[in-house]
Amino acid sequence: MESKAGPSCRLVFCLLISAAVLRPGLGWYTVNSAYGDTIIMPCRLDVPQNLMFGKWKYEKPDGSPVFIAFRSSTKKSVQYDDVPEYKDRLSLSENYTLSISNARISDEKRFVCMLVTEDNVFEAPTIVKVFKQPSKPEIVSKAPFLETEQLKKLGDCISKDSYPDGNITWYRSGKVLQPLEGVVVLIFKKQMDPVTQLYTMTSSLEYKATKTDIQMPFTCSVMYYGPSGQKTLQSEQAIFDIYYPTEQVTIQVLPSKNAIKEGDNITLTCLGNGNPPPEEFLFYLPGQPEGIRSSNTYTLTDVKRNATGDYKCSLIDKKSMIASTAITVHYLDLSLNPSGEVTKQIGDALPVSCTISASRNATVVWMKDNIRLRSRPSFSSLHYQDAGNYVCETALQEVEGLKKRESLTLIVEGKPQIKMTKKTDPSGLSKTIICHVEGFPKPAIQWTITGSGSVINQTEESPYINGRYYSKIIISPEENVTLTCTAENQLERTVNSLNVSANENREKVNDQAKLIVGIVVGLLLAALVAGVVYWLYMKKSKTASKHVNKDLGNLEENKKLEENNHKTEA
């Protein structure tokens, strides 16, 4: 049973309170508790046989006692004194262990367990310590950037709600930052909330950065004490943009310097290695002493070969920091002489030249009718096969797209030239006459028979190649004739003739033909006579059948006569 004790105390307790003694062998005892946990304080005294009651008190800063709990050994009842800060937070067990729930900072006091007998009072003091873990430290008010050679506030490391207060340490890439005049300045301060009695710690860091701080992580930690001892909490990393001045300027060219040709656009880009990089520069063109102010790029359009030279750029506020590059605008000129369409006569000479002017050595290729030639064409005496389409092509292999070409269309003209040949067939019955013609434009060929003027249309022609072709006829003349071949083009008309004799075997052939005709006629006549005789024979046979016996001898004679007639006819 629990009850509350009034302001008065029992007589025996009041008489003995002044005589209370600390139990021998019991020194100071400390109980550590985390903020918000339950504080458990054992009495640490052996309960005497004649115990009347037990009681707990705490001491004010001035040493005066405040009683908070009472337990009778006989009635087993518990009474809690009317102390507002401990209302509904106390619990006193049968072995006189005192528990205080929801530990607060204000619970840090000296508590005393008192066991009272009729003739004595025994005390066991306990010191209560309460600890509160601070919040995870955080870097706030961070600088947007740091500048080399300038001492600048980097940020604040803050950790809240700690008890007791803790210490803050700064780190650069995991190494502790120690104060160094003009380089590392640390300012630490702490504040206690008057209501919660919790501390907030803040450490400000001023730092002079260098280029070695690029991408370097900065962190901070708070060291605090808990019930089990010293502990540390670490913040998240913070990486700062480091500003530093430009120390070097470079110039770049697009397209690549080795590939610039006439007609291209050139873009110059000037870069500074500072952070942030410069946004404006001065560009110097060949032959122009004054710089042109521009952003970090400058473009030249449709450049010519006279744009070859040194190009420079510099900082606007520091012209001595300058960069330069040499640019060559490549060019390629080709002159073919003669060019276009050229008409020459067969046998003429024709000098041909292809002159190259270039920014570097160029390759030259000759083509004729899309076929590559091994060497430059040279014509000391033109032939028909020299006619065609010639191309002189040159290129700079290192410069993409830089090619030139010119063409010459050569026409070789010539008057028709005729050569006639003949060939007799092995049988001797026919002869082949061929008219070979040269000339350009292509001559037209016509065959005629001299004297009669007859035109021969049944001819066979070969393909016209390199100004040459032929026309062929096959004849079997019965008498001597003269054949004329006429070749004509826009330049001239040429005529040539060839005598062709009759076939030498013509008479023999005629005699053989007559013999054959005679034989055929003889055979036809013999057949006719045989038919007549056979008819007469049949007629006589019918008459003789009536006089068989009379004319038997005559029949034999007739048979012999017929046989003789057949022989004669044969």
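Basis of the calculations
Residues numbered from 1 in each chain as written. Predicted model: local features only at pLDDT ≥ 70, side-chain atom pairs only at ≥ 80, totals over all residues. Heavy atoms only, no water. Phe/Tyr/Trp six-rings, centres within 6.5 Å; stacked < 30°, edge-to-face > 60°. Helix = DSSP H or I, 4+ residues; strand = E, 2+ residues; numbered from the N terminus. Buried < 20%, exposed > 50% of the residue type's maximum accessible area, 1.4 Å probe, protein only. Lys NZ or Arg CZ within 6 Å of the ring centre and 35° of its normal. Contact = heavy atoms within 4.5 Å. Pairing = 2+ DSSP bridges.

The name given to the protein in an unreviewed UniProt entry is CD166 antigen, with the source organism recorded as Odobenus rosmarus divergens.

Trainee: Explain the packing of aromatic side chains here, please?
Mentor: Aromatic rings in a pair are described by how distant their centres are and how their planes are angled relative to each other. One pass over the structure, following the stated rule, counts 11 aromatic pairs. Aromatic side chains Phe145 and Tyr243 sit 3.9 Å apart centroid to centroid with 10° between the ring planes, which places their arrangement in the stacked category. One end of the pair, Phe145, is in the loop between strand S12 (138-140) and strand S13 (146-147); the other, Tyr243, is in strand S22 (residues 242-243), and 98 residues separate them in sequence. Both rings, one in Tyr207 and one in Phe218, keep their centres 5.2 Å apart while their planes meet at 75°; by these two values the pair is edge-to-face. On the criterion of sequence distance, the pair formed by Tyr207 in strand S18 (residues 199-207) and Phe218 in strand S19 (residues 217-226) is long-range, its members being 11 residues apart. Each member of the pair, Tyr207 as well as Phe218, carries the same accessibility label: buried. The rings of Tyr58, Tyr86 and Phe111 are connected pair by pair, giving a single aromatic cluster. Above the ring of Tyr58, the side-chain terminus of Lys109 is found at 5.0 Å from the ring centroid. Above the face of the Tyr331 ring, Arg305 is positioned so that its terminal group lies 3.9 Å from the ring centre.

Trainee: What is the right way to look at the side chain of Thr486 in this model?
Mentor: If you trace the backbone, Thr486 turns up in strand S42 (residues 481-488). Judged by its relative accessible area of 7%, Thr486 falls in the buried class. Those residues in contact with Thr486 that sit more than four places away from it in its chain are Ile418, Ala444, Ile445, Gln446, Arg493, Thr494 and Val495.

Trainee: I tried to follow the side chain of Thr325 on my own but got confused; where do I start?
Mentor: Among the secondary structure elements, Thr325 is positioned in strand S29 (residues 322-327). Setting aside residues up to four positions removed in sequence, Thr325 forms contacts with Ile251, Val253, Lys257, Gly309, Asp310 and Tyr311.

Trainee: I keep staring at the environment of Ser99 and nothing clicks. Help me out?
Mentor: Tracing the backbone shows Ser99 in strand S9 (residues 98-100). Ser99 sits 59 residues away from Ile40 along the chain, and the two C-alpha atoms are 4.5 Å apart. The residues contacting Ser99, other than those within four sequence positions of it, are Thr38, Ile39, Ile40, Arg89, Leu90 and Ser91.

Trainee: Mind showing me how you'd approach the pairing of strand S11 (residues 121-131) here?
Mentor: Two faces make up the sheet, and in a regular strand the side chains alternate between them. Most of S11 sits inside the fold, with nine of its 11 residues counted as buried. Direction of pairing for strand S3 (residues 30-34) relative to S11: parallel, over a ladder of five bridges. Across the sheet, residue Ala34 finds its bridge partner in S11, namely Phe131. Examined bridge by bridge, strand S10 (residues 110-117) and S11 share seven bridges and lie antiparallel to one another. Each bridged residue has a counterpart across the sheet, and for Phe111 the counterpart in S11 is Thr126. Connecting S10 to the next strand, S11, in antiparallel fashion are three residues.

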